[in-house]
Amino acid sequence: MKDRKTHWDTIYQTKNLADVSWYQSKPITSLKFISELDLKKEAKIIDIGAGESYLADYLLADGFSDLTILDISEAALDHARLRFGKKAENLKWITADISNFIPDEKYDLWHDRAAFHFLTEETQIQNYLKTLENWINPGGFLILGTFSEKGPAKCSGLEIRQYSIAEISDLLAENFQKLHCENIDHITPSGSVQNFTFCSFQKKI
């Protein structure tokens, strides 16, 4: 099995964005959850496993000014930077594996759609939870989207870990207050349905 970085670089180098299963021309669910938080425009926001997502495009257009884009694949980030053109200079770009990522600043919003569920080993999960605890500001927010217990068991040839609303809430209960959770159906470009657990949380003060 290729290492995770090589795996994702290969996908982003060989597949068209509009053909991958996670593609969204407009990330409606993420934008809805973010709008519910009433964040200040200067809030520090990081998008984990962003790939070539259009979330940052919409957030920039909405006036948010402190956006960080993180992905394990440099190829994905290269494609995204090319799409942004001159506007790429307004974003912060990080190539890193979230299972061992150590930030150098704290965030007001940590957004993760479909990266966390690729962490299947307990040490990876605990490292991630520790990062959330240490690097989200008190009173800051977390938006987490994972495959639900009714969703796929694999994505892009990799095993994932499914989470129900109850499971993801229990996992974060020590340091985060649950705000809003939904199960969302994502329709892939091929027409198949993937059921997600989508939740927002607030870091306890």
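Structure shown above.
Cut-offs used in this document
Residues numbered from 1 in each chain as written. Predicted model: local features only at pLDDT ≥ 70, side-chain atom pairs only at ≥ 80, totals over all residues. Heavy atoms only, no water. Helix = DSSP H or I, 4+ residues; strand = E, 2+ residues; numbered from the N terminus. Rg over C-alpha atoms; globule rule 2.2 N^0.38 Å. Buried < 20%, exposed > 50% of the residue type's maximum accessible area, 1.4 Å probe, protein only. Contact = heavy atoms within 4.5 Å. Areas by Shrake-Rupley, 256 points an atom, 1.4 Å probe, with all protein chains shown as cover. Lys, Arg positive; Asp, Glu negative; His and termini not counted. Charge placed at Lys NZ, Arg CZ, Asp CG, Glu CD. Pairing = 2+ DSSP bridges. Axes fitted to C-alpha atoms, helices over the stretch in contact; angles between N-to-C directions. Core = buried A, V, L, I, M, F, W, Y, C linked by side-chain atoms within 4.5 Å. Expected span 1.5 Å × (residues − 1). Arc of directions from axis to C-beta. Right-handed = clockwise from strand over helix to strand, strands pointing away.

1. What about the overall build of the protein?
A tally of regular secondary structure across the protein gives six helices and nine strands. For 205 residues, the compact-globule formula gives about 17 Å, and the C-alpha radius of gyration of the protein, at 16 Å, lands near that figure. Principal-axis analysis of the C-alpha atoms places the extent of the protein at approximately 45 × 40 × 30 Å. Going through the 205 residues of the protein one by one, you find that 51% of them count as buried. Taking all contacts inside the protein whose residues are at least 6 apart in sequence as the whole, residues at least 24 apart take part in 67%. Just so you have it, the protein exposes about 9800 Å², and 50% of that area is on carbon and sulfur atoms. Considering the protein, the positive charge centre built from 23 side chains and the negative charge centre built from 30 side chains are found 2 Å apart.

2. Let's talk about the environment of Thr123
Position of Thr123 relative to the elements: it lies in helix 5 (residues 122-135). Of the residues examined, Thr123 reaches a relative accessible area of 54% and is grouped as exposed. C-alpha separation for the pair Thr123 and Pro189, spaced 66 residues apart in sequence, amounts to 33 Å.

3. Quick word on the environment of Val193
Inspection of the secondary structure puts Val193 in strand 9 (residues 193-203). Put simply, Val193 and Lys87 are 106 residues apart on the chain and 33 Å apart in space, counted from C-alpha to C-alpha. The contacts of Val193, once residues within four sequence positions are left out, are Asp185, His186 and Ile187.

4. Notes on the sheet that holds strand 8 (residues 176-187)
The strand order across the open sheet formed by seven strands is 3-2-1-4-5-9-8, and the pairing between neighbours is mixed. In the strand order of this sheet, the two ends are held by strand 3 (91-95) and strand 8, each with one partner. Across the sheet, the mean angle separating the axes of adjacent strands is 15° when strand polarity is ignored. Pairing of strand 1 (residues 44-48) with strand 2 (residues 66-71) involves five bridges; the strand directions are parallel. What sits directly across from Ile48, in strand 2, is Leu70.

5. Concerning the nonpolar core
Counting 38 residues, the largest nonpolar core has Leu39, Ile45, Leu59, Trp93 and Leu109 as the members making the most contacts within it. Those elements that provide at least two residues to this core are helix 1 (4-14), helix 2 (28-35), helix 3 (55-61), strand 2, helix 4 (74-84), strand 3, strand 5 (136-147) and strand 9. Broken down by element, the residue count for this core peaks at five residues, all from helix 4. Not counting residues up to four positions away in its chain, the partners in contact with Leu39 are Ile34, Ile45, Phe64, Leu109 and Phe141. Core analysis: the second largest hydrophobic core is formed by 25 residues, Leu132, Leu142, Cys199 and Phe201 among them.

6. Side note on helix 5
The first and last C-alpha atoms of helix 5 sit 20 Å apart over 14 residues, in line with the 20 Å expected at 1.5 Å per residue. For helix 5, the set of buried residues is Gln124, Ile125, Tyr128, Leu129, Thr131 and Leu132. In an axial view of helix 5, the angular spread of the buried residues amounts to 155°, which keeps them on one side of the axis. Where helix 5 is buried, its residues contact strand 4 (107-113), strand 5, helix 6 (165-172), strand 8 and strand 9.

7. Describing the pairing of strand 2
The buried count for strand 2 comes to six of six residues, which makes it a mostly enclosed element. Assessed by its sense of winding, the connection that carries the chain from strand 1 through helix 3 to strand 2 is right-handed. The sheet contact formed by strand 2 and strand 3 spans five bridges and is parallel. Residue pairing for strand 3: Leu67 is matched across the bridge by Leu91. Remark: the strand 2/helix 4/strand 3 crossover connection has right-handed handedness.

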